[in-house]
Amino acid sequence: MEPSPEMLRKFMIFNPLAFQRYNEMKSSGRRFVHYSSSEAAFHMIRSNRIRLRSSSVMNDFMEIEHGLNCLVKSWRGESGARLRSTIDGMFPGTSEELAKLFDSWSPLFKQDTFIACLSEHDNKEDDLGRLSMWRAYAGPSGVAVVVNPKVFLSVSEALSAFTSPVAYLSEEDFDTEFSRVVDNIVMTRDFLMKEGKKEFFAYLFQAFRSAVLCTKHPGFAEEKEWRIIYAPQYSKSELIERSVELIRGTPQIVYSIPFKDYPDKDFEGAELPKLINRIIIGPTQFPEELRAATVALLEEAGVPDAVSKVVISSIPLRQ
């Protein structure tokens, strides 16, 4: 579903950097890719679902801390003072309410946030993939699942989950973006006040939440990451399934999104035959065997022309 002009305007006000990245992604012709071990990729295709794992078990569990530290520093600084003055002038008491709500939710950003990671994929990467991603996420037998972007860039309330680009920001860069949001609120003050305090507060809190969950150190910028984010205590969906699974020897709670279309809920393009664009077999000891098994798996899943969609990367990976 295409968002309404009002929704787009609010998104642009409170999330200007993400708004820019969405537009760039939609117009670029790029796709998304999920780099993983072959075991994880096979589970995704065979189970017909993508797993969202707790942020506390991500590769770099300090990622959420970086976003939180950036936000706290800006809130306590000059940009934060300007924001508090502005929003209290619009709706008295808003800054204190926001601070209290945010503090109550902060522990849950790690405990109740489940994430699946994607990366932007350029046409030039179709045959080789990206060396840094093979090294970081694929292991000794890796697979890159390239997917069509439509469903990840659509707007639907069916799943109570959202897809967001990751912002690679230092504390100084973050404060610049924070100040940009304050400027936007000042410039659209009359429009936002007409919408009422409840809606304004909800958008601002969601902007803070996204800033914490989707900010990474600039040293990781080449990953070009996007995140699918779900927090069941924040907004629960009956369509997302909870299970306890053993992953790399660690029992953990995971949530899974089925690859299923819900046309009546404006959620389409998720079924595997439409979703999978191609699969790249990464550096591994037995590439031909892995390719043959992957083709067979796609054929079982009803993906058309599976043979031509699976390629072997010739990129060298030093062990």
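In this text, all values refer to a predicted model and were calculated from it rather than measured experimentally.

This brings us to the pairing of strand 2 (residues 49-54). If a strand is regular, its side chains alternate between the two faces of the sheet. Summarising the sheet, strand 2 and strand 10 (residues 250-258) pair through 5 bridges and their orientation is antiparallel. Following the sheet pairing, R49 is matched in strand 10 by P258. With 2 bridges joining them, strand 2 and strand 3 (residues 114-121) adopt antiparallel strand pairing. The residue bridging R53 from the neighbouring strand is I115, located in strand 3.

Here the focus is the packing of aromatic side chains. Note on aromatic pairs: each is described by the distance of the centres and the angle between the planes. For the structure shown, the criterion picks out 19 aromatic pairs. With a centroid separation of 5.1 Å and 80° between ring planes, the pair formed by Y22 and W226 is classed as edge-to-face. Residue Y22 is located in helix 2 (residues 16-28), and its partner W226 is located in strand 8 (residues 225-230); the two are separated by 204 residues in the primary sequence. With respect to burial, Y22 and W226 carry one shared label: buried. A ring pair is formed by Y35 and W134, whose centres lie 5.0 Å apart and whose planes are at 85°; its orientation type is edge-to-face. Of this pair, Y35 sits in strand 1 (residues 31-37) while W134 is found in helix 8 (residues 131-138), placing the two residues 99 residues apart along the sequence.

Taking 1.5 Å per residue as the helical rise, helix 2 with its 13 residues ought to reach 18 Å, and the 18 Å between its terminal C-alpha atoms agrees with that figure. Within helix 2, the full set of buried residues consists of P16, A18, F19, R21, Y22 and M25. Among the residues trailing helix 2, G29 stands out with phi positive, at a value near 80°.

Where helix 1 (residues 5-14) contacts helix 12 (residues 197-213), the axes come no closer than 10 Å and their chain directions differ by 50°. With respect to helix 12, the element helix 1 is oriented oblique. The chirality of how helix 1 crosses helix 12 is right-handed. When helix 1 is examined against helix 12, the residues M7, K10 and F14 are found in contact with a partner set consisting of E199, F200, Y203, L204 and A207. Class assignment of the residues belonging to the contact of helix 1 with helix 12 gives a composition of 6 nonpolar, no polar and 2 charged.

Turning next to the environment of H66. For H66, the position within the fold is in helix 4 (residues 63-76). Remark: the alpha-carbon pair of H66 and S28, spanning 38 residues in sequence, is separated by 29 Å. Among all residues touching H66, those that are not within four sequence positions of it are L169, T215, K216 and H217.

Calculation rules
Numbers given to residues run from 1 along each chain, matching the order in which its sequence is written. For this predicted model, a pLDDT threshold of at least 70 governs which residues receive local features, and a threshold of 80 or more governs which side-chain atom pairs are given and counted, while totals over whole chains, interfaces and linings are taken from all residues. Side-chain numbers come from the whole structure's heavy atoms, not from hydrogens or water. Here, strands pair whenever DSSP counts at least two bridges between them. Secondary structure elements follow DSSP: runs of H or I no shorter than four residues count as helices, runs of E no shorter than two count as strands, and numbering proceeds from the N terminus. Aromatic rings from Phe, Tyr and Trp, taking only the six-membered ring of Trp, are treated as a pair when their centres fall within 6.5 Å; an angle between ring planes under 30 degrees marks them as stacked, one over 60 as edge-to-face, and anything in between as tilted. Exposed residues in this analysis have more than 50% of their type's maximum accessible area, buried residues have under 20%, and partly exposed residues fall in between, with area computed by a 1.4 Å probe over protein chains only. For a helix, the expected span equals 1.5 Å multiplied by the residue count minus one. To define axes, lines are fitted to C-alpha atoms, for helices over the stretch in contact only, and angles between the resulting N-to-C directions are given on a 0 to 180 degree scale. Each angle receives one of four descriptions, namely roughly parallel if under 35 degrees, roughly antiparallel if over 145, roughly perpendicular if within 65 to 115, and oblique otherwise. We call a crossing left-handed when the near helix sits turned anticlockwise from the far one by less than a right angle, and right-handed when that turn is clockwise. Pairs of residues are marked as contacts when any of their non-hydrogen atoms sit within 4.5 Å. Classification convention: Asp, Glu, Lys, Arg as charged; Ala, Val, Leu, Ile, Met, Phe, Trp, Tyr, Cys, Pro as nonpolar; all other residues, Gly among them, as polar.

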